[in-house]
Amino acid sequence: MYAKLVLAGACALALSTPALADIVVSDAYARASMPGARTGAAFMVIRNTGAEDDRLLSVSSDAAARVELHSHIDQGGGVMKMREAEEGFAIPAHGDHALARGGDHVMFMGLAAPFDDGAEVSVTLTFEKAGDIVVAIPVDLERMPDHGAGGHDGMDHGKMKMGTPSE
């Protein structure tokens, strides 16, 4: 009888645990637009190895007063504007979604401290199905775009000015 209760409890726990292993974060780095900046951004590739689609709903961190998921919107005439992606980002089953310079990214506004090259920024990514995943993101102020949207549209993303959503 005791063994059945333990087995039933273990099964219930296993079935209620989010599928954290289905989400893999790679190629992550963070940077500020310039030394002493009050804003920064983080980029990464999020892979969903699971059989079901998932969605990155939000992000949080103690590194800034506000941390949001952002996208760049092409307003025509070579003008790009950042906007909060309130609906988050879809992460397809057996696929990935790149958060890259010039595209979708994590935006830090009101940095609590400067992003120093070589330091780490801890963020919590909140997924619809996988739940919360904490990621330690290295700060790399020298890195140039090498994945996702970076560079595919002819813009020099390495010199793009980052600012508040109203800019």
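Higher on the page you've got the structure.
Residues numbered from 1 in each chain as written. Predicted model: local features only at pLDDT ≥ 70, side-chain atom pairs only at ≥ 80, totals over all residues. Heavy atoms only, no water.

A. Representation of the side chain of N48. Looking at the element boundaries, N48 is found in strand 2 (residues 39-48). A polar atom in the side chain of N48 sits 3.2 Å from the backbone oxygen of I91. (Helix = DSSP H or I, 4+ residues; strand = E, 2+ residues; numbered from the N terminus. Polar contact = N/O pair within 3.5 Å; in protein donor to acceptor, adjacent residues only side chain to side chain.)

B. Structural detail: the sheet that holds strand 9 (residues 120-127). The strand order across the open sheet built from four strands is 6-3-9-10, with neighbouring strands paired in antiparallel fashion. Looking at which strands have only one partner, the edges of the open sheet turn out to be strand 6 (89-91) and strand 10 (131-138). Each strand axis lies, on average, 40 degrees off the axis of its neighbour in the sheet, ignoring direction. Pairing geometry for strand 3 (residues 54-60) and strand 9, over four bridges, is antiparallel. Pairing of L56 across the sheet is with F127, part of strand 9. (Pairing = 2+ DSSP bridges. Axes fitted to C-alpha atoms, helices over the stretch in contact; angles between N-to-C directions.)

C. Representation of the nonpolar core within the structure. In terms of nonpolar packing, the biggest core is built from 31 residues, with M44, V106, F108, F115 and F127 touching the most fellow members. Going through the elements one at a time, strand 1 (23-32), strand 2, strand 3, strand 4 (64-74), strand 6, strand 8 (105-111), strand 9 and strand 10 are the ones with two or more residues in this core. (Core = buried A, V, L, I, M, F, W, Y, C linked by side-chain atoms within 4.5 Å. Buried < 20%, exposed > 50% of the residue type's maximum accessible area, 1.4 Å probe, protein only.)

D. Representation of the pattern of salt bridges. If you walk through the whole model with that rule in mind, you get four salt bridges. One salt bridge connects D27 with R143, and the closest N-O pair in it is separated by 2.3 Å. With D27 in strand 1 and R143 in the segment after strand 10, this residue pair connects regions lying 116 residues apart in the sequence. You can call R143 buried: its relative accessible area is 15%. One salt bridge connects R66 with E68, and the closest N-O pair in it is separated by 3.1 Å. (Salt bridge = Lys/Arg side-chain N within 4 Å of Asp/Glu carboxyl O.)

E. Representation of the pairing of strand 9 in the model. Of the pairings in the sheet, the one linking strand 9 to strand 10 comprises eight bridges and is antiparallel in character. Residue pairing for strand 10: T126 is matched across the bridge by D132.

F. Local environment of the environment of R31. Looking at the secondary structure, you find R31 in strand 1. Owing to a relative accessible area of 10%, R31 belongs among the buried residues under this scheme. In this structure the C-alpha to C-alpha distance between R31 and I137, which are 106 residues apart in sequence, comes to 9.8 Å. Reaching out from R31, the side chain makes a polar contact with the backbone oxygen of R143 at a distance of 3.3 Å.

G. View of unusual backbone geometry. The backbone of D27 shows a phi angle near 55 degrees, a positive value even though the residue is not glycine. According to the relative accessible area criterion, D27 is partly exposed, its value standing at 32%. We note that H94 has phi near 55 degrees; this positive angle belongs to a residue other than glycine. Turning to its location among the elements, H94 is positioned in the loop between strand 6 and strand 7 (95-99).

H. Local environment of the packing of aromatic side chains. Per the counting criterion, the structure on display carries two aromatic pairs. Consider the rings of Y29 and F43, whose centres lie 5.1 Å apart with planes at 40 degrees: the pair is tilted. Residue Y29 is found in strand 1, and its partner F43 is found in strand 2; the two are separated by 14 residues along the sequence. As far as burial versus exposure is concerned, Y29 and F43 are alike and both buried. Seen in terms of ring centroids, F108 and F115 are 5.2 Å apart; in terms of plane orientation they differ by 80 degrees. Their pairing is edge-to-face. Here F108 matches F115 in class, with each residue buried. (Phe/Tyr/Trp six-rings, centres within 6.5 Å; stacked < 30°, edge-to-face > 60°.)

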